[in-house]
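What the coordinates show
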Amino acid sequence: MRGWIPPTSAVASRVLLGTGPTTTTVRVTTDAGATRILRQPGDASIGDARHAASPADLLAVEGEFYRLVQTWPAIAERMATCLGVDRTDHVVALEDLGTTAPLTDLYSGRVLSDVETADLTAYLLALHGVAGREEELGALRSDAVRLARQAVRFEEPIAAARVDALATRMPRLLLQVDAIRTDLHIRATMRDLGGRFLDGSGTLLHGDFRPARWMPSPRGLRILSPGLATAGPPALDLGYFVAHLLLAAQPPALIAGVLQRYRRGAPVDMAEVSACVGLEIIRSRLGLDPVPGDLTGDRLEVELDYATRLLRGGATVELPL
């Protein structure tokens, strides 16, 4: 176990907690009752995808992120403790946060508490206080991961194949989505944001800041899965955060409070944040990994119209959905 459990202990059980195309998560329990969480590569193959990151590449970035933030207590204390990284077998060992589930119940009607909202905002402020380029922030830069992030965030959601898939699922929205993907202003905005994302300079970003990555624990909320971490404009993380609060129908006052808290701690371009919110709404509804929950066509139509106005600069997130 590479020193991740005491040398006098033995592994008594292994329980599979989750498996996906990129990561397999296992809880290991020793004969003394101690537990550890091991994250290992999943079974995904890069196949014929134009840009795809291997599971090993993603875990390498995750392990490097955990190593990097250990010198930043305001970040590290809001994450699971990393117990070790095996770069040969691509395994990350973490503390066990217990049997709770991530905060995906937010999409089903639960409202974030004020403490949770403050913790999540404080985490982003601390994270975005780490400035630099990917090359300067340890070994976060991985061309495979970088290009995969670019494709997932800025290309796939409005690709022709996604529009065709939507036509089968919700034909009434086909014209609306096709108008989004062919809008020259929107495409220029996405191209500009994507270029800044690829550049890899700015502040440290989590890269995937959404409820599936927020885990309650006995010591408070913890942030997980930084496998898409990078450096870039802070508006990307903040925009994705606000987008998922909107998608989860959180109260407008709560969302306004997040923006106020963040802006008291750091300057941010609200037009850029708004564009990132619009981008993430589109990705989360039309992308390959849609957010949970049943959605009516009327609600989706309203969300996509709002995202369009944000990306075109006709509204900001300071005005409600």
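Residues numbered from 1 in each chain as written. Predicted model: local features only at pLDDT ≥ 70, side-chain atom pairs only at ≥ 80, totals over all residues. Heavy atoms only, no water.

Scanning the protein from terminus to terminus reveals 11 helices and 10 strands. Expected size for 321 residues packed as a compact globule is a radius of gyration near 20 Å; at 20 Å, the protein falls within 12% of this value. Based on the C-alpha atoms only, the size of the protein along its principal axes is roughly 65 × 45 × 40 Å. A separation threshold of at least 6 residues defines the contact pool for the protein, and within that pool the share at least 24 residues apart is 67%. (Helix = DSSP H or I, 4+ residues; strand = E, 2+ residues; numbered from the N terminus. Rg over C-alpha atoms; globule rule 2.2 N^0.38 Å. Contact = heavy atoms within 4.5 Å.)

Taking strand neighbours across the sheet as the criterion, the 3 strands line up as β6-β7-β10 in an open arrangement whose pairing is antiparallel. The open sheet terminates on both sides in strands that have one partner only, identified here as β6 (131–133) and β10 (230–232). Strand-to-strand, the axes of this sheet are offset by a mean angle of 60°, without reference to chain direction. Judged from the 3 bridges that link them, strand β7 (residues 201–205) and β10 form a sheet pairing that is antiparallel. Bridge pairing in β10 places Leu204 opposite Ala231. (Pairing = 2+ DSSP bridges. Axes fitted to C-alpha atoms, helices over the stretch in contact; angles between N-to-C directions.)

The strand order across the open sheet formed by 5 strands is β1-β2-β3-β5-β4, and the pairing between neighbours is antiparallel. The sheet is open, and its two borders are formed by β1 (11–19) and β4 (82–86), each paired with just one other strand. Across the sheet, the mean angle separating the axes of adjacent strands is 20° when strand polarity is ignored. Its contacts with the sheet put helix α1 (residues 55–69) on β2 (23–30), β3 (35–41), β4 and β5 (91–94), and the angle it makes with β3 is roughly 135°.

Further remarks concern the pattern of salt bridges. Within this structure, the stated rule accounts for 22 salt bridges. A salt bridge links Glu77 to Arg78, with the shortest nitrogen-to-oxygen separation between them at 3.9 Å. On the basis of relative accessibility, which here comes to 45%, the residue Glu77 falls in the partly exposed class. When its relative accessible area of 17% is taken as the criterion, Arg78 is described as buried. Close ionic contact of Arg153 with Asp208 constitutes a salt bridge, the shortest N to O distance being 3.3 Å. Highlighted residues: Arg153 in helix α4 (residues 143–154) and Asp208 in the loop between β7 and β8 (214–215), separated in sequence by 55 residues. Overall, the relative accessible area of 4% leaves Arg153 in the buried class. On the accessibility criterion, Asp208 (6% relative accessible area) is buried. Three or more residues joined by partner-sharing salt bridges are found here, namely Arg153, Asp208, Arg210, Arg213, Glu280 and Arg283. (Salt bridge = Lys/Arg side-chain N within 4 Å of Asp/Glu carboxyl O. Buried < 20%, exposed > 50% of the residue type's maximum accessible area, 1.4 Å probe, protein only.)

To continue, consider the packing of helix α10 (residues 270–286) against helix α11 (residues 297–312). Where α10 contacts α11, the axes come no closer than 7 Å and their chain directions differ by 145°. Every pair of crossing elements has a handedness; the one defined by α10 and α11 is left-handed. Contact with α10, carried on its side by Ser274, Ala275, Val277, Gly278, Leu279, Ile281, Ile282, Arg285 and Leu286, involves Leu300, Glu303, Leu304, Tyr306, Ala307, Leu310 and Leu311 of α11 and no other residues of that element. Class assignment of the residues belonging to the contact of α10 with α11 gives a composition of 12 nonpolar, 2 polar and 2 charged. (Left-handed = near helix turned anticlockwise from the far one by under 90°. Nonpolar A, V, L, I, M, F, W, Y, C, P; charged D, E, K, R; others polar.)

With that settled, the discussion passes to the side chain of Glu116. In this fold, Glu116 is placed in helix α3 (residues 114–127). Side chain to side chain, Glu116 and Arg110 meet in a polar contact 3.3 Å long. Sequence-distant contacts of Glu116, defined by excluding residues within four places in its chain, comprise Leu103, Arg110 and Leu221. (Polar contact = N/O pair within 3.5 Å; in protein donor to acceptor, adjacent residues only side chain to side chain.)

Once that is clear, we can look at the environment of Asp43. Mapped onto the fold, Asp43 is located in the loop between β3 and α1. Considered as a pair, Asp43 and Asp86 are 43 residues apart in the sequence and their alpha carbons are 18 Å apart. Not counting residues within four places of it along the chain, the set of residues in contact with Asp43 comprises Gly20 and Pro21.

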